[in-house]
Amino acid sequence: MISWVLAAALALPGAGAEVAPPPDPVTLMVVPAELRARMQAQVIEPARGEHQRLQRLLRFLSDDEPGLAMLYNDEATQSVAEAYLNRQANCVTYTMLFLALAQQAGLDAYPQEIEETLAWQQRDGIVYRTNHVNAGVRIGTHRYTVDVGIGFVIARHPAHRISMRRLLAQYYNNHAAMLMSERQMAPALAHAQVALELDPAYPITWSNTGVIRLHDGDPEGARRDYETALRLDPDNAAALFNLVGLYQRSGNRELEQSYRRRLDKVQQADPFHQFLMAAEYERQGNATLAIRHYQRAIRLYGDEHRFYYGLARAFILGGNQRRASRALERALELSHDDATRNLYREKMAELSGQVSR
């Protein structure tokens, strides 16, 4: 699902087995002959018109035999041929697979990106914050979105169209991050270099490459990459975060504070960062600060039901059931899927019983 945004490289590189060099970008979207034949027989020939081809293609990808029954796997950044062989894909690979098959079906399809999502993880001292890609389809005056992660992606802005080169750059970005986590620095840099060649105007790739260089013992190269990312996007939080860490470790307090001020300004306006801070304070049992940051996230972006659910939990932590109930009511109003709505109703019923007692 991810095009990685990397931050905070502290671990030293270690030895690892050699891996294959990056594949040629031309090979990534090649549809195997067997898959082309199945598409022709199951999707293209039985369909009448573009809408039917789109519907049949979606069923072909998701249904069990005779369909592909593709499974979501966050780490499955693969070529189209590998995805067909393994029946697994993350958002980057699923989008590549869908676009390759849509082209065969004569559909006007294109990649899209959601740049700000609420998704992150931390492994081995490295924080990974993610974005998300999906596919758009145009049939006459109609526009459709095909998204393998629509049920779990929390997005501040709608998806926007990107080039195929950027989509493929994200494939190499993902592999570079994976290889770095395995301490395979030379192959990681090789994949990052392909990503830069495909889309040199993508600030995420420059920031990621800087992290790899820092792990590889090249802080000066890392600094240059971070600054390139900032020239392309002056508010790039990952590059700012990385520069703060870089100058903190080098002892340059003046530059550390300068970049920290810039980073603080960006984070103050980022509802997702505020949400993550609130969740951390909630985990620590600090209801006051959790409530403050959940409320700030809501002021910045008030249409996300999970922000209100977090606020409700923080109010419960602080012993204020009535305000928790009101937050849950708003979460229920904003949510759409039945399972989530049922969860909120159950929590409201529990609170109602506590308040009445």
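By convention here, each chain's residues receive numbers from 1 onward along its written sequence. Local features are withheld for residues below a pLDDT of 70 in this predicted model, meaning they are given only at 70 or higher, and side-chain atom pairs are given and counted only at 80 or more; totals for whole chains, interfaces and linings count all residues. Computation of side-chain values covers all heavy atoms of the structure but excludes hydrogens and water.

1. Brief notes about the overall build of the protein
Step number 1: When you go through the protein residue by residue, the secondary structure sums to 16 helices and nine strands.
Step number 2: Within the protein, buried positions represent 49% of all 357 residues.
Step number 3: By the convention used here, residues are in contact when the closest approach between their heavy atoms is within 4.5 Å. Across the protein, contacts joining residues at least 24 apart in sequence account for 62% of those joining residues at least 6 apart.
Step number 4: Residue-level accessible areas treat just the shown protein chains as cover; the underlying method is Shrake-Rupley with a 1.4 Å probe. When the accessible surface of the protein is summed, it comes to about 17,000 Å², and 50% of that surface belongs to carbon and sulfur atoms. Comment: elements are numbered from the N terminus, with helices defined as DSSP H or I runs of at least four residues and strands as E runs of at least two. Any residue under 20% of the maximum accessible area for its type is buried, any over 50% is exposed, and the rest in between are partly exposed; the area is computed with a 1.4 Å probe on protein chains only.

2. Some details on the pairing of strand 8 (residues 142-146)
The side chains of a regular strand alternate between both faces of the sheet.
Step number 1: In this structure, strand 7 (residues 132-139) lies alongside strand 8, joined through five bridges in antiparallel fashion. Bridge pairing links Gly 136 to Thr 145 in strand 8.
Step number 2: For two strands to be treated as a pair, DSSP must find no fewer than two bridges joining them. What sits between the antiparallel neighbours strand 7 and strand 8 is a turn of two residues, in which Gly 140 has the positive phi angle 60 degrees.

3. As for helix 11 (residues 253-268)
Step number 1: Each residue after the first adds 1.5 Å to the expected span of a helix. In this model helix 11 runs 22 Å from its N-terminal to its C-terminal C-alpha over 16 residues, within 8% of the 22 Å that 1.5 Å per residue would give.
Step number 2: All of the buried residues along helix 11 are Glu 256, Tyr 259, Leu 263, Val 266 and Gln 267. In an axial view of helix 11, the angular spread of the buried residues amounts to 90 degrees, which keeps them on one side of the axis. For helix 11, the exposed residues lying more than 90 degrees away from the buried face are Arg 253, Glu 254, Arg 261 and Lys 265.
Step number 3: Along its buried surface, helix 11 packs onto helix 9 (219-232), helix 10 (237-250) and helix 12 (271-284). Arc, as used here, means the arc of the directions from the helix axis to the C-beta atoms.

4. So, the pattern of salt bridges
Step number 1: By convention in these notes, a salt bridge is any Lys or Arg side-chain nitrogen within 4 Å of a carboxyl oxygen on Asp or Glu. Within the structure shown, the criterion is met by 13 salt bridges.
Step number 2: In this structure, the salt-bridge partner of Arg 283 is Glu 280, at a minimum N-O distance of 2.5 Å. Placement of the pair is Arg 283 and Glu 280 together in helix 12, with a separation of three residues, close to one helical turn.
Step number 3: Among the charged side chains, a network of salt bridges with common partners joins Glu 220, Arg 223, Arg 224 and Glu 227.

5. Considerations on the UniProt feature "repeat: TPR" (unreviewed entry) in the protein
Step number 1: According to UniProt, the "repeat: TPR" (unreviewed entry) feature falls on residues 203-236.
Step number 2: Annotated as 79% helix and 0% strand, the span residues 203-236 places its first and last C-alpha atoms 8 Å apart. UniProt positions are given in the numbering used here, feature names are shortened, and annotations may be inferred rather than shown by experiment.

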